[in-house]
Amino acid sequence: MPKSKRNRQVTLSKTKKKGRAHKENIVNLIRESADNYSSLYVFGFENMRNLKFKEFREQLKSSSRFFLGSNKVMQLALGRSAADEIKPGLYKISKLLRGDTGLLFTNLTKEEVERLFNQYEEYDFARTGSLATEKVELKEGPLDQFTHEMEPFLRKQGMPVRLNKGVVELVSDYVVCEEGAPLSPEAARILRLLGIKMATFKLHLICRWAPDQFEIYVEGLENSDVESS
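First things first, this report covers the structure right here in the doc. (Residues numbered from 1 in each chain as written. Predicted model: local features only at pLDDT ≥ 70, side-chain atom pairs only at ≥ 80, totals over all residues. Heavy atoms only, no water.)

Turning our attention to the sheet that holds strand 7 (residues 161-164). Reading across the sheet, the three strands line up as 6-8-7 and stay open at both edges, with antiparallel pairing between neighbours. The open sheet has two edge strands, strand 6 (141-142) and strand 7, and neither has a second partner. In terms of strand pairing, strand 7 meets strand 8 (residues 167-170) through four bridges, oriented antiparallel. Looking at strand 8, one finds that Asn164 is bridged to Val167. (Pairing = 2+ DSSP bridges. Helix = DSSP H or I, 4+ residues; strand = E, 2+ residues; numbered from the N terminus.)

Next up on the list: the nonpolar core. Leu78, Ile93 and Leu103 are the most contacted members of the largest nonpolar core, which totals 24 residues. Here the element with the most residues in this core is helix 3 (residues 71-78); it accounts for five residues. Sequence-distant contacts of Leu103, that is, excluding residues within four places in its chain, are made with Ile30, Leu40, Tyr41, Val42, Phe43, Arg65, Phe66, Phe67, Met74, Leu78, Ile93 and Leu97. With 20 residues, the next largest nonpolar core counts Val161, Val176, Leu183 and Ile190 among its residues. (Core = buried A, V, L, I, M, F, W, Y, C linked by side-chain atoms within 4.5 Å. Buried < 20%, exposed > 50% of the residue type's maximum accessible area, 1.4 Å probe, protein only. Contact = heavy atoms within 4.5 Å.)

This brings us to the side chain of Gln157. Within the secondary structure, Gln157 is located in the loop between helix 6 (151-156) and strand 7. Among the polar contacts listed, one links the side chain of Gln157 to the side chain of Arg189, at a separation of 2.9 Å. Each residue touching Gln157, except ones within four places of it in the same chain, is listed here: Tyr174, Glu186, Arg189 and Ile190. (Polar contact = N/O pair within 3.5 Å; in protein donor to acceptor, adjacent residues only side chain to side chain.)

What follows concerns the pattern of salt bridges. Any two side chains of opposite charge can pair if their charged atoms end up close together. In total, this model carries ten salt bridges according to the counting rule given. The partner of Asp35 in a salt bridge is Lys87, and the shortest N-O contact between them spans 3.2 Å. On the criterion of sequence distance, the pair formed by Asp35 in helix 1 (residues 17-36) and Lys87 in the loop between helix 3 and helix 4 (90-95) is long-range, its members being 52 residues apart. On the basis of relative accessible area, Lys87 is assigned to the partly exposed category, the value being 25%. Between Glu169 and Arg162 there is a salt bridge, with its nearest N and O atoms 2.8 Å apart. A relative accessible area of 13% places Glu169 in the buried class. Here Arg162 falls in the partly exposed class, since its relative accessible area comes to 44%. Connected through shared salt-bridge partners, Lys135, Glu137, Lys139 and Asp173 make up one network. (Salt bridge = Lys/Arg side-chain N within 4 Å of Asp/Glu carboxyl O.)

As far as function goes, none of this settles anything; it's purely spatial.
Dropping the structure here:
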């Protein structure tokens, strides 16, 4: 009987001693999941929001398991080449763990997974450095959405405001942000106060693996690219 690839010892000598046990545990959990679930996906994400992702993960808790973290550790667990992969074809999955990516082990059908990911989209407030999706300009005059206590704070954000009979008032037109420009810390705070959400937390499928099956979802990325990478 051929020796099981799963039982090979993994050397993590290059990792810091403090995190070695944790990384070894992740490797073991990923390898156990490869045995316990029927299919595996690599997914990418944009504008990650931990709370939103936790809610999505909880929805699939009974049928699936997610892994996020070091791509190198996840690659190590799956195998980086055909010689050390833990199951046939899994090294192809490993090669697509680049950038903002994660693993999904699941017993859900392919159709159900695709439906869940295609439908998932959550809006949130943009953070400093994010690109503005639209121009936001406030016109001179009263800002009734703000109480008088907010006037000093708004002034600190660079807004030309004053109190006029207890009402916060803009003394001139003010551009909060320009479309396509990075948001300053002040602009991000003002957009939050205005209730304007410019960040979209999205998840998208990159590829799927099941025994004797491998499928790439990303347009322009072919199997030959994986083989040669």
